[in-house]
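The primary structure of each chain is shown beneath.
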Amino acid sequence: MISLAILGSGRGSNMQAIIDAIAAKSLAADIKLVASDHADAPILKRAKQHHIATHWIDLNDHKGRFSEAAQEDLANHLQSLAIDLVCLAGFMRIIRPPLLNAFPERILNIHPSLLPAFPGKEAWKQALEAGAQQSGCTVHLVDDGIDTGPILAQTAIDILPDETPASLHRRIQEREHRLYPQAIQDYALSLGLEG
Ligand code: GRF
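Throughout, residues of each chain are indexed from 1 in the direction in which the sequence is written. Only residues with pLDDT of at least 70 get local features here, since the model is predicted, and only at 80 or more are side-chain atom pairs given and counted; chain-wide, interface and lining totals rely on the full set of residues. Side-chain measures were taken over the full set of non-hydrogen atoms in the model, leaving aside hydrogen atoms and water.

A. Structural context of the sheet that holds strand 6 (residues 134-141). Any two strands with at least two DSSP bridges between them are considered paired. Helix and strand definitions follow DSSP, with helices as H or I runs of at least four residues and strands as E runs of at least two, each counted in order from the N terminus. Strand order in the open sheet formed by 7 strands is 3-2-1-4-5-6-7, with mixed pairing between adjacent strands. At either end of the open sheet lies a strand with only one pairing partner, and these are strand 3 (54-56) and strand 7 (151-158). Pairwise comparison of adjacent strand axes, ignoring direction, gives a mean angle of 20° for this sheet. Sheet topology note: the strand 5 (residues 107-111)/strand 6 ladder contains 4 bridges and is antiparallel. Each bridged residue has a counterpart across the sheet, and for N109 the counterpart in strand 6 is H140. Here helix 1 (residues 13-23) sits on the sheet in contact with strand 1 (2-7), strand 2 (29-36) and strand 5, set at roughly 165° to strand 2. Axis lines are fitted through C-alpha atoms, for helices just across the contact stretch, and the angle between N-to-C directions can take any value from 0 to 180 degrees. Residue contacts are defined here by distance: any two heavy atoms, one from each residue, within 4.5 Å place the two residues in contact.

Below you can see the structure in the form of structure tokens.
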């Protein structure tokens, strides 16, 4: 059984997809903690509805920054829970050495583009504005860059002639919800984590 922590700042639809995959037994994992830098983030509310432990990353003592000290605190908390993999799902903060070094090659992210194309914010909009023919989503390991770590899995979709940013975002997210749980399962297997 893989012990997961999920970090998110927003809606939590990818967390929901992970919960659903666990319920459907296509992902042999246990979500030990869902953490957010926003106390009122929907992802925390949803996690509570599923009786999953939640944690608010309180940055008030860090001038609102996800400082090295704050990352060390979170790393210690996650290590005390014996977390195998940390899954970022819409977590809008940059991960720094205290957390990276506590979980080397154990932090995953899902990004709404075919990386290395269009890292950063609103990647679906960037793809449309650049006139790309295809877009999609990528699961990758997190390193100290922004959306730069080694790629674990990708799904491509064609951009339709009448595509809008909203429609492309929605279509990419549908694919994310299938890709992320599968990529977590495959990566955990490759590490020999599932037992
Ligand atoms: C996803 O589209 C993901 O690609 C990006 O942030 C979004 C999170 O959405 N990194 P949700 O909170 O999982 O609904």
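B. A look at the packing of helix 1 against helix 6 (residues 165-191). For the pair helix 1 and helix 6, the least separation of the axes is 9 Å and the interaxial angle reads 50°. Taken together, the axis directions place helix 1 and helix 6 in an arrangement best described as oblique. Both helix 1 and helix 6 take part in a crossing whose hand is right-handed. The residues of helix 6 that touch helix 1, namely those facing S13, N14, A17, I18 and A21, are Q173, E176, H177, Y180, P181 and I184. Looking at the contact of helix 1 with helix 6, its residues break down into 6 nonpolar, 4 polar and 1 charged. Roughly parallel refers to an angle under 35 degrees, roughly antiparallel to one over 145, roughly perpendicular to one between 65 and 115, and oblique to any angle outside these ranges. Rotating anticlockwise by less than a right angle from the far helix to the near helix defines a left-handed crossing, while the corresponding clockwise rotation defines a right-handed one. Residues are grouped as follows: Ala, Val, Leu, Ile, Met, Phe, Trp, Tyr, Cys and Pro are nonpolar; Asp, Glu, Lys and Arg are charged; all remaining types, including Gly, are polar.

C. The layout of surface pockets, seen in detail. Note on definitions: the grid is 1 Å and covers protein atoms alone; a cavity is a set of points where a 1.4 Å probe fits but cannot get out; a pocket is an open set with protein on both sides within 12 Å along at least five of seven lines; lining residues have an atom within 4 Å of a point. Grid points are joined across faces, edges and corners, and a volume is the space filled by probe spheres set on the points. Estimated volume of the largest pocket: approximately 820 Å³. Considering the residues around the largest pocket, the lining is formed by 34 residues, among which G90, F91, M92, N109 and I110 are closest to the centre. Listing elements by their share of the lining of the largest pocket, those giving two or more residues are helix 1, strand 5, helix 5 (123-129) and helix 6. Its residues assigned to classes, the lining of the largest pocket shows 13 nonpolar, 14 polar and 7 charged.

D. Here's a closer look at the nonpolar core. Note on terminology: a nonpolar core comprises buried Ala, Val, Leu, Ile, Met, Phe, Trp, Tyr and Cys residues joined through side-chain atoms within 4.5 Å. Burial classification: accessible surface area is computed with a 1.4 Å probe over protein chains only, and a residue below 20% of its type maximum counts as buried, one above 50% as exposed, and the rest as partly exposed. Counting 37 residues, the largest nonpolar core has L4, I6, V34, Y180 and I184 as its most contacted members. With 8 residues, helix 6 is the largest single contributor of residues to this core. Once residues lying within four places of it in the same chain are set aside, the contact partners of V34 are I6, M15, I43, L44, A47, I52, A53, T54 and H55. In this structure, L59, A70, F91 and V142 belong to the second largest nonpolar core, which totals 22 residues.

E. Fine view of the packing of aromatic side chains. Here the aromatic set is Phe, Tyr and Trp, taking the six-membered ring for Trp, and pairing holds for ring centres within 6.5 Å; pairs whose planes are under 30 degrees apart are stacked, those over 60 apart are edge-to-face, and all others are tilted. All chains considered together, the criterion is met by 1 aromatic pair. Ring geometry for F66 against F91: centres 5.7 Å apart, planes inclined by 85°, an arrangement best described as edge-to-face. Pair noted here: F66 is in the loop between strand 3 and helix 3 (68-80) and F91 is in the loop between strand 4 (85-88) and helix 4 (97-102), with a separation of 25 residues, a long-range link. Residue F66 is classed as buried on the basis of its relative accessible area of 6%. Relative accessible area serves as the criterion here: at 7%, F91 is assigned to the buried category.

F. The site of the ligand, seen in detail. Any residue with a heavy atom positioned within 4 Å of a molecule or strand is treated as near that molecule or strand. Around the ligand sit R11, G12, S13, N14, G90, I110, H111, P112, Q173 and E176, and those are all the residues in its vicinity. Polar contact is the term for a pair of N or O atoms within 3.5 Å; when the atoms are in protein, one must be able to donate a hydrogen and the other to accept it, and sequence-neighboring residues count only if both atoms are side-chain atoms. For the ligand, an oxygen atom lies 2.8 Å from a polar atom in the backbone of N14. For the ligand, an oxygen atom lies 2.4 Å from a polar atom in the side chain of E176. In this description, accessible areas are obtained by the Shrake-Rupley approach with a 1.4 Å probe, and a residue is regarded as covered only by the protein chains that are shown. Contact with the protein chains hides 86% of the accessible area of the ligand, taken as 370 Å² for the molecule alone.

G. Structural view of the pattern of salt bridges. We define a salt bridge as a side-chain nitrogen of Lys or Arg found within 4 Å of a carboxyl oxygen belonging to Asp or Glu. Going through the model one piece at a time under the given rule, you end up with 5 salt bridges. D37 is the salt-bridge partner of R93, the closest N and O atoms lying 2.8 Å from each other. Note that R93 is positioned in the loop between strand 4 and helix 4 and D37 in the loop between strand 2 and helix 2 (42-49), a separation of 56 residues in sequence. Close ionic contact of R170 with E174 constitutes a salt bridge, the shortest N to O distance being 3.4 Å. Here E174 and R170 lie together in helix 6, a separation of 4 residues that amounts to about one turn. Owing to a relative accessible area of 48%, R170 belongs among the partly exposed residues under this scheme.

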